[in-house]
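# Results of the structural survey
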Amino acid sequence: MHAKVVVVGSLNMDLVARAQRLPRAGETLAGESFFTVPGGKGANQAVAVARLGGSVAMVGNVGDDAYGQQLRQALEVEGIDCQAVGVCPGVSSGVALITVDAASQNCIVIIPGGNALLTPESVQRFDALLQVAEVIICQLEVPTETVAWTLARGRELGKQVILNPAPATGPLPAEWFAHIDYLTPNESEAEALTGEPVNDLESARRAGERLLQLGAGKVIVTLGAQGALFVSRDGSQHFPAPQVQPLDTTAAGDTFIGGFAAALVQGKGEGEAIVFGQRAAALSVTRAGAQPSIPYLAELTP
Ligand code: RIB
């Protein structure tokens, strides 16, 4: 079966430490627990699509190490098409060093490993996947030129193109905007993209409108417990978040995007797709880790 969603992005092994609080610079802090789980924004989003009812192919790279094998296996067991997950000889797999505190806040350091070697040519080799897909999703944990190529190719093929601008360190290249149907920053990413603080609905609306002016098709600013703000040329709409007791917010954004895309390819409208993504993300934050926290469709069916 042809995958309706293609994710071009990162695979990381997440090395997660839980501690009462995040360490300060120069401090050695005793933590409470440690676990290793598959993650990476790209792979997490692919897993979310698969678990939430969409067919999906992953385009990415791992290193030729044990983590690489585990990362690939984690996708295969979800039924994700991994023909385009390459193995880079002599290179380590991407890893993310994550600390989560008692308030479920996290901080993450990423070492890209094989993700850094995902070239435009390595995506182009699997152009057949892009040609048959309906939705193409990118994030920013693989090289910029690869994201640029994929967005442009997605637009050329007339696909629905989603860019999750994470992690964001500054404005996006101007020429990208015309290729993006849905741009999905969180508060800090919206701030990095626009240069203006984003911390409430009003500032999120201003950021969304600025990103529309720059040429994005539609913008969904995710605001954690404050929900999501959908901003289009027809106006903006707030979607409040389901209230839950968070344990670990890692991959909540990835779960939202995967759920949103899975709903779109099942023929749902944007509003319904946003609510579905939010319900999935809300459940994910009540569980620890990246991929283990992502729910299955059956868990969301009332
Ligand atoms: O979005 C969460 C992800 O960010 C983690 O799984 C980690 O790998 C980093 O990429």
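Whatever comes next refers back to the structure up there.
Residue indices follow the written sequence of each chain, beginning from 1 at its first position. Note on the predicted model: pLDDT of at least 70 is required for a residue's local features to be given, and 80 or more for side-chain atom pairs to be given and counted; whole-chain, interface and lining totals, by contrast, use all residues. The basis for every side-chain value is the complete set of heavy atoms in the structure, and neither hydrogens nor water enter the calculation.

### Notes on the overall build of the chain
Worth spelling out the cut-off: Segments assigned H or I by DSSP are reported as helices when at least four residues long, segments assigned E as strands when at least two residues long, and all are numbered from the N terminus. What the globule rule says is 2.2 Å times the number of residues to the power 0.38, and the radius of gyration is computed from C-alpha atoms. Contact between two residues is taken to exist if any of their heavy atoms lie within 4.5 Å; hydrogens are not considered. Accessible surface area values rest on a Shrake-Rupley calculation with a 1.4 Å probe, where residue burial reflects the displayed protein chains alone. Positive residues here are Lys and Arg, negative ones are Asp and Glu, while His and the chain termini are left out of the count. Here the site of a charge means NZ on Lys, CZ on Arg, CG on Asp, or CD on Glu.
Each helix and strand counted, the chain has ten helices and 13 strands in total. On C-alpha atoms alone, the chain measures out to a radius of gyration of 18 Å, which is about the 19 Å that the 2.2 N^0.38 rule sets for 302 residues. Principal-axis analysis of the C-alpha atoms gives the chain an extent of 50 × 45 × 40 Å. For the chain, restricting intrachain contacts to residue pairs at least 6 apart in sequence, the fraction spanning at least 24 positions comes to 66%. Within the structure as shown, the chain displays about 12,500 Å² of accessible surface, and the carbon and sulfur contribution to it stands at 53%. Distance between charge centroids for the chain: 4 Å, based on 19 positive and 30 negative side chains.

### Concerning helix α7 (residues 201-214)
To keep it simple, the criterion reads: The span expected for a helix works out to 1.5 Å for each residue beyond the first. Only protein chains enter the accessibility calculation, which uses a 1.4 Å probe; a residue whose area is less than 20% of its type maximum is buried, one above 50% is exposed, and one in between is partly exposed.
End to end, α7 covers 20 Å across 14 residues, agreeing with the expected 20 Å (1.5 Å per residue, within 8%). Where α7 is concerned, the buried positions are S203, A204, A207, G208, L211 and L212. Residues of α7 that are buried make contact with β10 (182-183), α6 (187-194), β11 (218-222) and β12 (228-232). Positioned one or two residues after α7, G215 has a phi angle of 125°, which is positive.

### Some thoughts on the site of the ligand
What counts here: A cutoff of 4 Å decides nearness: a residue is near a molecule or strand if any of its heavy atoms lies inside that distance of it. Counting of polar contacts relies on pairs of N or O atoms within 3.5 Å, with two restrictions inside protein: one atom must be capable of donating a hydrogen and the other of accepting it, and residues adjacent in sequence are counted only when both atoms are side-chain atoms. As defined here, a cavity is a set of points on a 1 Å grid over the protein atoms alone where a 1.4 Å probe fits but cannot get out. A pocket is an open set with protein on both sides within 12 Å along at least five of seven lines, and residues line them when an atom is within 4 Å of a point. To decide whether a molecule occupies a pocket or cavity, check its atoms: if more than half lie within 2 Å of the grid points, it is inside. Each residue receives one of three labels: charged for Asp, Glu, Lys and Arg, nonpolar for Ala, Val, Leu, Ile, Met, Phe, Trp, Tyr, Cys and Pro, and polar for the others, Gly being one of them.
Around the ligand, the structure places 13 residues, and the nearest of them are D14, G40, K41, E141 and D254. At 2.9 Å, a side-chain N or O of K41 approaches an oxygen atom of the ligand. Between the ligand and N44, the relevant distance is 3.0 Å, taken from an oxygen atom to a side-chain nitrogen or oxygen of the residue. Summarising the interface, the protein chains cover 96% of the accessible area of the ligand, which totals 280 Å² for the free molecule. Put simply, the ligand lies in the largest pocket. Elements supplying a minimum of two residues to the shell around the ligand: β2 (12-18) and α1 (41-51). Looking at side-chain class alone, the shell around the ligand contains four nonpolar, five polar and four charged residues.

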